[in-house]
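Coordinate analysis (summary)
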Amino acid sequence: MSSSAPSSQGPQGAGLSSLAGDSRAYVQRLGQPIVAIASGAGGSVGVIRLSGRDLSVFAEMFRGPLPGPGEFALRDVVGRDGSRIDRALVLYFQAPHSFSGENVIEIQGHGVESLLGALTARACELGARQALPGEFSFRAVWNEKMSLEQAERLNECYSIADLKAKSASALLGFSDRDSARAQEVMRGLLELVQKARGRVEAAIDFSEAEQEQSDDVRSALHTIDGVTQQVSRLMSSYENFNRAHVPTVVLVGAPNAGKSTLLNILAEGERALVSPVAGTTRDFIEARVRLPSGQWIRVIDTAGLREVPGSSSNPSGDSALPPSSRGGSDDHSRLELLGMQKTRELMQTSRVIVWVRSCEESDLPGVATGADWPIDTRERVGPGSWISQPRPQPRAEPKPEIEVWSHRDLATSDETHRDRAAFDFVKESAACRDYILRCIASALAGEFATKDSARGLEQESVPEITRRQFQLLKIANDELCLARACLEGARPIELCADHLRQTELELNRALGRGLGDEYIGQIFSQFCLGK
Amino acid sequence: MAASRASTSCFDAIVVGGGHAGIEAARALVSMGHRTALVSLKANTIGAMSCNPAIGGVAKSHLVFEIDALGGMMGHMADRCAIQSRRLNMNKGPAVRSTRVQCDKDIYMRLMSHEVTSLPGLTVVEGEVAELHSDGDRVDGLSLKDGTRLFARAIVISSGTFMRSIMFCGEGRSIGGRFGDPSAEFLSSSIASFGHRMKRLKTGTPARLDAKTICFDALQAQWGDPEQRRFSWRKTRNRLPQVCCFLTYTNERTHEIIRANFEKSPLFSGDIQGVGPRYCPSVEDKVKRFADRERHQVFLEPEGLSTDFVYPNGMSTSLPANVQLEFLRTIQGLERVELKRPGYAVEYDSIDPTDLDDGFQSRFVKGLFFAGQINRTSGYEEAAAQGLWAGLNAGRALKGQATVAPDRTRSYMETLVWDLTRRGTEEPYRLFTSRSEYRLMLREDNAHERLFELAQENGLLGQDQVRYYTELMESFQASKSRLDKHRVRIGPDRVVSLSEYLRRPEVTWESICEGSTGGLLHGGENEGSEKEFLGFSGEISDEIIEKLEVEVKYEGYLRRQEAEVAMIRRLSRLEFPEGFDVGAVPSVSNETIELFKKHSPRSLSELSAIPGVTPASILAIGTHLKGRPDSGGSVSRETITF
């Protein structure tokens, strides 16, 4: 794995998410008038939405009075000089009977981007502010117009490009009663984890009763196993959905080429949600990344397939053990093979492949860039262009590929890299992120347009939990694996209690309790603009 | 010094009760420069160990180390009187390893009485408190039953189990707080008259056995560790001879007899209304509650070097004396046992600790402090820790200084204070390591580091102790940086610092010195010590090595706890000003308002700890607090990054 320095400093603090990630931005500005284009691109009608405590000043935008509460009227929208910008249908919703729970004006004009831009600018002239990502939804949740889970599901619908109608309506129709069921399960799990911790604490605090201690440990192990199973089930309900609907981009390259670093760079906003387990590596192998267009993609780092703590392919939590107690070299190469097998599968099912190469290693012509990574079976078909031909499936369709070079700072000659996309991942993270996301977006652009029914899983799946809950459960799952490893003697038992406590914390967060302020800001900052 | 008698005397402070709490309270007060009177029913029982003859144990030993770090007396006294010392939880990690010593009870009490009476600035007064006096909303002294009037602006009540106490032994009952001792009859109503809510609690003690009638040969002997771990920074020159304890078990017969006599136990007959400690139950409780257990452990602990009294640990009971004898005789080794004294239960008055502020001061009358068993705890160590805390805060109050807010991240002592005053308890409270969320940070080995600043600021330490700690911390830093700088080659192309090498789970300093790391360094040819191989010639004291290993091996976990602590601190700084009206905050759910009223949290971190409070409400209240132009002085808007 590459050095951890970039992941700890990396791209954090850059861009919109750091501003929006601060929940104060949302809370302190409650009531302020905000504006955004609310309609999708390409329609003949475009909608502008304004929300705020007092919107009376915006009557000036229109020739003629604002319509009454719950009414609409056809109005000229005029600029400061009185000239007409557009003729539009104006709707007025009075608090609390609106999407956000505040007073809301909706302007339905012509779906011309420049006109919508002008309307927004006009509203801003009168004191409105361009809404932060997810700010409308935030207010709706704040004013109890919808639950956090509902808002999150709504956002999923907006952010997944090729969501099928059936899935979308199922997702939106997922009632609070349905999510209450998942909550019930999680509450049950929380109780079980508490019970297990009770036994572990007893084993620690009543040191004299030896017989009881081993009973306690056995019982705790049993409980933990039960909980792990149920957590996995909940997680898979989301994973299936995610796999079926979100396009996958896979990062491939030699070890140490910088895949993990790149993933961290791409994952930017996501990282704050995933806290690292102290003392172990929790570089996640999969991240959800939003393209500039607002669409989600899944980015998978194949390196993680070989060495993942607590991943579902490694439920025994092997990696929590000290290196010496892990399997011997036979085991190790078996794991390697397994990893490569998975990588091949991923390369086949993914929509875009990103090759990560290190400038340092590739200077000599003829040396395979994936030296000890015999996946790279591509053939060169012409100057600068590549076609992948994964060996097991020779008939596989060629798919878009992107190449990026890491360690530009280590390149021996500048010549070789002049026309390559080479970056110093640490120092040029923002530029690198920008470049790759643009490449992915354009590679996918064609894909989104074609109605390719053969791709992805066909069955409709509605996740029982939201993405946030999934992420929290994932951490909880890792913690449970570590807790188990402690009970089996890999680490002292009091650390087991620590991991179980952390599990409780994550479960509580998944239940919406004890969410820190930073979480709330994060959740909404990942929403689409204008939602 | 003889107990003095005077019709009228003036002091800065008065401590009522000479048990483990009262002693530490008095010591803290005099070390802070306050003239203090210690009132005791019997001056010669100061420092008596009323129940078991041991100090320490899991979590409790942490308290003793903390008491010592704050200049207290308990640790050193236990070191001096130890007749057996053991480290518990050695198969677990360093944070939960604990020290437990058995003491010679008699020597402990005599030495302690002597030490206490010779504390400069302390006057011991023998007598029973008749009434507490107040002037308006603050205490100004008390009068004794014999008419003596003592004046003081601070009073610490640490009367243990002695308030309106009744002893039960089978169907018999007698007035008194301990075998052979009287009960304090008047104090209780005086306290209640200020508005304190009282509750009857119960505790018990087992019979004492006559060593001459026990057949030890058949029993499993338990020797202590060859090396005694000291509680105190002070060295103990003369160690007492070490003794052996014995382990035996109850059996089905024992349980049968107990079961057949349930109705004779005042516990079950309803005579005792008080709630007993859940964690130190009487043997009849155990038989009833764990009916499926075939046997329970009984540790036979000698109470001293020059006594035949043996304490059967785990056999606390209030059954009639003849029944006690009957069931004890079913136990292996005790077939012909005779009792020195039967076991009994004590029921006594306690106050509701949530009626106290952070410094254990009464919310109803200023200058009145409470510490120890009266605050619904059990255990010598818990009592002593509270005494120290109450003494410290009473001392500060006398100087016009603010109460110290208990910091759960700093000590078990403060965890205990926090739990008692903010959560309250309905049954005797005992400390466990699991009471703390910061268990890995709160260890025996770093007690002095955690509390040095607090101790220093308040003048709780003598010069010697300050110098000792300063040197210890300096030498630790020096050793640490030497380990950081010393590079060792551990493979053909791996060079790491010695401290990184020590970080490996399979490496300990001990294994390095013995060369028993399995040839990790030598590639199998393991001749001689690895320490030599590493080229590290320095000698490092055991204390330092232990601490280093702890920090190195918990490192990742400690960092995580520290991050948590930082967040809590941030939220704790957002305190609610006096008379804060949560209803006035916009957009707070009714449920949160209800919960707020019920739990009356003092800061945002406390609010967020209440189950059911929504994150949105926390955010709203936090933002509201921060936005206030004057949020009570303690909040500076610049320093908070909420």
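Residues numbered from 1 in each chain as written. Chains lettered and ligands numbered in written order. Predicted model: local features only at pLDDT ≥ 70, side-chain atom pairs only at ≥ 80, totals over all residues. Heavy atoms only, no water.

Focus: the sheet that holds strand E16 (residues 220–222) of chain B
All names here are of chain B. Stated precisely, the cut-off is as follows: In this description, strands pair whenever DSSP reports at least two bridges between them. Secondary structure elements are taken from DSSP: a helix is a run of H or I of four residues or more, a strand is a run of E of two residues or more, and numbering for both begins at the N terminus. In this analysis an axis means a line fitted to C-alpha atoms, helices contributing only their contacting stretch, and an angle means the value between N-to-C directions, from 0 to 180 degrees.
Reading across from one edge, E16-E17-E18-E19-E15-E20 is the order of the 6 strands in this open sheet, with antiparallel pairing throughout. Both outer strands of the open sheet, E16 and strand E20 (339–341), are each paired with one neighbouring strand and no more. With direction set aside, neighbouring strand axes in the sheet form an average angle of 35°. Bridging between strand E18 (residues 297–302) and strand E19 (residues 309–313) involves 4 bridges; their strand directions are antiparallel. Paired with Pro302 across the two strands is Val310, which belongs to E19.

Topic: the sheet that holds strand E10 (residues 296–301) of chain A
Residues and elements named next belong to chain A. Pairing in this open sheet of 5 strands is mixed, and the strands run E9-E10-E8-E11-E14 from one edge to the other. At either end of the open sheet lies a strand with only one pairing partner, and these are strand E9 (286–290) and strand E14 (401–406). When the angles between neighbouring strand axes are averaged without regard to direction, this sheet yields 25°. In this sheet, strand E11 (residues 352–358) lies alongside strand E8 (residues 248–253) in parallel orientation, the contact comprising 5 bridges. Bridged to Val249 within E11 is Val352.

Things to note about the environment of His448 of chain B
Residues and elements named next belong to chain B. Keep this limit in mind: Only protein chains enter the accessibility calculation, which uses a 1.4 Å probe; a residue is then buried when its area is under 20% of its type maximum, exposed when over 50%, and partly exposed in between.
By the secondary structure assignment, His448 is in helix H12 (residues 447–457). Taking relative accessible area as the criterion, His448 reaches 9% and is therefore assigned buried. For the pair His448 and Asp68, spaced 380 residues apart in sequence, the C-alpha separation works out to 8.1 Å.

Quick look at the confidence of the model for chain A
Residue and element names in this part refer to chain A. Basically, it comes down to this: The score called pLDDT rates the predictor's confidence residue by residue, from a low of 0 to a high of 100. Contact between two residues is taken to exist if any of their heavy atoms lie within 4.5 Å; hydrogens are not considered.
Averaged over every residue, the pLDDT of chain A is 72; residues scoring 70 or more account for 64%. Scored below 50 in pLDDT, residues 304–332 makes 37 contacts in the model with residues more than four places away or belonging to other chains. In the predicted structure, residues 449–458 sits below a pLDDT of 50 and forms 8 contacts with residues beyond four places in sequence or in another chain.

With respect to the packing of helix H13 (residues 467–487) of chain A against helix H14 (residues 493–510) of chain A
All names here are of chain A. The criterion, for reference: Each angle receives one of four descriptions, namely roughly parallel if under 35 degrees, roughly antiparallel if over 145, roughly perpendicular if within 65 to 115, and oblique otherwise. Rotating anticlockwise by less than a right angle from the far helix to the near helix defines a left-handed crossing, while the corresponding clockwise rotation defines a right-handed one. Under the convention adopted here, Pro, Cys and the residues Ala, Val, Leu, Ile, Met, Phe, Trp and Tyr are nonpolar, Asp, Glu, Lys and Arg are charged, and Gly plus all remaining residues are polar.
At a closest axis distance of 8 Å, the pairing of H13 and H14 adopts a crossing angle of 165°. Between H13 and H14, the angle is such that the two are roughly antiparallel. Here the hand of the crossing between H13 and H14 comes out left-handed. Touching Arg468, Gln469, Leu472, Leu473, Ile475, Ala476, Glu479, Leu480, Leu482, Ala483, Cys486 and Leu487 of H13 are Ile493, Leu495, Cys496, His499, Leu500, Gln502, Thr503, Glu506, Leu507, Arg509 and Ala510, all from H14. Class assignment of the residues belonging to the contact of H13 with H14 gives a composition of 15 nonpolar, 4 polar and 4 charged.

A closer look at the packing of aromatic side chains
All names here are of chain B. Rules: Ring pairs shown here join Phe, Tyr and Trp side chains whose ring centres sit within 6.5 Å, with only the six-membered ring taken for Trp; geometry is labelled stacked below 30 degrees between planes, edge-to-face above 60, and tilted in between. Criterion for a charge above a ring: Arg CZ or Lys NZ at most 6 Å from the ring centre, at most 35 degrees from the ring normal.
Within the structure shown, the criterion is met by 11 aromatic pairs over all chains. Measuring from centroid to centroid gives 5.7 Å for Trp233 and Tyr468, while their planes differ by 45°, and the two rings are tilted. Note that Trp233 is positioned in the loop between E16 and strand E17 (245–249) and Tyr468 in helix H13 (residues 463–485), a separation of 235 residues in sequence. You can call Trp233 buried: its relative accessible area is 16%. An aromatic cluster is defined as three or more aromatic residues linked by ring pairs; in this entry it consists of Trp233, Phe452, Tyr468 and Tyr469. Across from the ring centre of Phe262, 5.1 Å away, lies the NZ or CZ of Lys288, which sits over that ring.

Observations concerning the nonpolar core
To keep things clear, this is the line we draw: Remark: nonpolar core denotes a set of buried residues (Ala, Val, Leu, Ile, Met, Phe, Trp, Tyr, Cys) joined through side-chain atoms within 4.5 Å.
Counting residues in hydrophobic clusters, the biggest one holds 143 residues, and the most contacted among them are Ile55, Leu132 and Ile157 of chain B. The biggest single contributor to this core is helix H10 (residues 380–398) of chain B, with 10 residues. Beyond its immediate stretch of four places on either side in the chain, Leu132 of chain B contacts Gly141, Leu142, Ile155, Ile157, Leu187, Ser190, Ile191, Phe194 and Leu368 of chain B. Counting 28 residues, the second-largest nonpolar core is a separate cluster that includes Leu251, Leu266, Val356 and Ala443 of chain A.

Digging into the pattern of salt bridges
All names here are of chain B. This is how it is decided: Here a salt bridge means any side-chain nitrogen of Lys or Arg lying within 4 Å of a carboxyl oxygen belonging to Asp or Glu.
Taken as a whole and assessed by the stated rule, the structure comprises 51 salt bridges over all chains. Ionic pairing is found between Arg200 and Glu347, a salt bridge with its closest N-O pair at 3.2 Å. Of the two residues, Arg200 is situated in strand E14 (residues 198–205) and Glu347 in strand E21 (residues 344–351); the sequence distance between them amounts to 147 residues. Glu347 matches Arg200 in its accessibility class, with the two residues each being buried.

A few points about the confidence of the model for chain B
Residues and elements named next belong to chain B. Per-residue confidence for chain B averages 85 on the pLDDT scale, and 87% of its residues sit at or above 70. Counted against residues more than four places away or in other chains, residues 522–527, with its pLDDT under 50, gives 7 contacts. Scored as a complex, the prediction yields pTM 0.76 and ipTM 0.82.

Section: helix H1 (residues 20–31) of chain B
Residue and element names in this part refer to chain B. Our working definition: Here the expected length of a helix is defined as 1.5 Å per residue gap, with one fewer gap than residues.
In this model, H1 (12 residues) spans 17 Å end to end at C-alpha, consistent with the 16 Å of a helix rising 1.5 Å per residue. Judged by how many residues are buried, H1 sits mostly within the fold: 11 of 12 residues are covered. When H1 is considered as a whole, its buried residues turn out to be His20, Ala21, Gly22, Ile23, Glu24, Ala25, Ala26, Arg27, Ala28, Leu29 and Val30.

Brief notes about H10 of chain B
The terminal C-alpha atoms of H10 of chain B lie 27 Å apart, and with 19 residues this matches the ideal 27 Å at 1.5 Å per residue to within 8%. One or two residues past the end of H10 of chain B sits Gly400 of chain B, with phi positive at roughly 75°.

Some words on the side chain of His296 of chain B
Residues and elements named next belong to chain B. Relative to the elements of secondary structure, His296 occurs in the loop between helix H8 (283–289) and E18. According to the relative accessible area criterion, His296 is buried, its value standing at 8%. Residue contacts for His296: discarding those within four places in its chain leaves Thr248, Tyr249, Thr250, His255, Lys286 and Phe290.

Brief notes about the pairing of E21 of chain B
Residues and elements named next belong to chain B. E21 sits mainly inside the fold: 8 of its 8 residues count as buried. Of the two faces of E21, both are covered, the one formed by Tyr344, Val346, Tyr348 and Ser350 as well as the one formed by Ala345, Glu347, Asp349 and Ile351. With 3 bridges joining them, strand E12 (residues 166–169) and E21 adopt antiparallel strand pairing. Counterpart to Ile166 in the pairing with E21 is Glu347.

Notes on the packing of helix H2 (residues 60–69) of chain B against helix H3 (residues 74–81) of chain B
Residue and element names in this part refer to chain B. Axis separation between H2 and H3 bottoms out at 7 Å; the angle between their running directions is 115°. Two secondary-structure elements touch here, H2 through Val64, Ile67 and Asp68 and H3 through Met74, Gly75 and His76. Along the lines of polarity and charge, the residues of the contact of H2 with H3 split into 3 nonpolar, 2 polar and 1 charged.

A look at the pairing of strand E9 (residues 138–144) of chain B
Residue and element names in this part refer to chain B. The element E9 is extensively covered by neighbouring structure, given that 5 of its 7 residues are classed as buried. Summarising the sheet, strand E8 (residues 129–135) and E9 pair through 6 bridges and their orientation is antiparallel. The residue bridging Ser134 from the neighbouring strand is Val139, located in E9. Counted between consecutive antiparallel strands, the loop separating E8 from E9 contains 2 residues, among which Gly136 sits at a positive phi close to 65°.

Section: the side chain of Thr466 of chain A
All names here are of chain A. Among the secondary structure elements, Thr466 is positioned in the loop between helix H12 (429–449) and H13. With relative accessibility at 4%, the residue Thr466 sits in the buried group. Not counting residues within four places of it along the chain, the set of residues in contact with Thr466 comprises Glu149, Glu152, Arg153 and Tyr238.

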